[in-house]
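What the coordinates show
For reference, the chains in residue letters:
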Amino acid sequence: MKALAITAALLSSLLAQAPSSPQPAAYTYQGTVQAVQPKTASFDLVIGVGFALRVVHMRTSPVTRFVRGGAKMALADLKPGDVVRVECRMTATGLVADRVEKVESSDSKQEPVQ
């Protein structure tokens, strides 16, 4: 009887730790911002796929985090030509960005030539 109680407790503990529903797969894209649409809270990203280029449309949500060098920024701070790394997930309505990080180019870190 004691072994049955221990087994039941162990089973309920394992069930409590198991996720209730499968988490959506996370995607990471790095590319160049092509366009920003503040009215629809979305942006388009040009990415390389093999020898081709692809435009990926992403929406943002109120909880999307925008960062640049550790500092916070906003969707309105993104400009066409910015290089970003985006962590996103697929939903029924398309990709939703969870985190957008502006990537500093190595050229911007170099000292000016005199």
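In short, a report on the structure. (Residues numbered from 1 in each chain as written. Predicted model: local features only at pLDDT ≥ 70, side-chain atom pairs only at ≥ 80, totals over all residues. Heavy atoms only, no water.)

1. Points about the overall build of the chain
Secondary structure assignment for the chain yields one helix and six strands. Along the chain, from the amino end to the carboxyl end, the secondary structure elements read α-β-β-β-β-β-β. In the chain, of all internal contacts separated by at least 6 residues, the share reaching a separation of at least 24 is 50%. Accessible surface, the chain: about 8,400 Å² in total, of which carbon and sulfur atoms supply 59%. (Helix = DSSP H or I, 4+ residues; strand = E, 2+ residues; numbered from the N terminus. Contact = heavy atoms within 4.5 Å. Areas by Shrake-Rupley, 256 points an atom, 1.4 Å probe, with all protein chains shown as cover.)

2. Some remarks on the side chain of Asp 82
Secondary-structure assignment places Asp 82 in the loop between strand S4 (71-72) and strand S5 (83-91). A distance of 2.8 Å separates the side chain of Asp 82 from the backbone nitrogen of Lys 79, its partner in a polar contact. Residues within four places of Asp 82 in sequence aside, it is in contact with Gly 31, Thr 32, Val 33, Asp 77 and Lys 102. (Polar contact = N/O pair within 3.5 Å; in protein donor to acceptor, adjacent residues only side chain to side chain.)

3. Here's the deal with the packing of aromatic side chains
Counted under the stated rule, the structure contains one aromatic pair. Plain terms: the ring middles of Tyr 27 and Tyr 29 are 6.4 Å apart, the flat faces sit at 15° to each other, and that makes the pair stacked. Tyr 29 gets classed as partly exposed once you look at its relative accessible area, which sits at 21%. (Phe/Tyr/Trp six-rings, centres within 6.5 Å; stacked < 30°, edge-to-face > 60°. Buried < 20%, exposed > 50% of the residue type's maximum accessible area, 1.4 Å probe, protein only.)

4. Some words on the nonpolar core
Phe 43, Leu 45, Met 58, Leu 78, Val 84, Val 86 and Val 100 are the most contacted members of the largest nonpolar core, which has 16 residues in total. If you list the elements that add at least two residues to this core, you get strand S2 (42-49), strand S3 (52-68), S5 and strand S6 (94-102). (Core = buried A, V, L, I, M, F, W, Y, C linked by side-chain atoms within 4.5 Å.)

5. What to know about the pairing of S6
Across seven bridges, the pairing between S3 and S6 is parallel. The residue of S6 that forms the bridge with Val 67 is Glu 101. In sequence, S5 turns back onto S6 through a hairpin of two residues. (Pairing = 2+ DSSP bridges.)

6. A closer look at unusual backbone geometry
Residues other than glycine seldom take positive phi values, yet Ala 41 does so here, at roughly 55°. Structurally, Ala 41 can be placed in the loop between strand S1 (26-37) and S2. Its relative accessible area of 25% is what places Ala 41 among the partly exposed residues.

7. Thoughts on the pattern of salt bridges
Two side chains of opposite charge can pair, provided their charged atoms sit close to one another. Tallying each qualifying case throughout the model produces five salt bridges. Close ionic contact of Glu 101 with Arg 85 constitutes a salt bridge, the shortest N to O distance being 3.4 Å. With Glu 101 in strand S6 and Arg 85 in strand S5, this residue pair connects regions lying 16 residues apart in the sequence. Since its relative accessible area comes to 24%, Glu 101 is described here as partly exposed. Residue classification places Arg 85 among the partly exposed positions, given a relative accessible area of 31%. Arg 89 serves as the salt-bridge partner of Asp 98, at 3.1 Å between the closest nitrogen and oxygen. Looking at Asp 98, the relative accessible area reads 27%, which means it is partly exposed. Within the structure, one salt-bridge network assembled from shared partners comprises Arg 85, Arg 99 and Glu 101. (Salt bridge = Lys/Arg side-chain N within 4 Å of Asp/Glu carboxyl O.)

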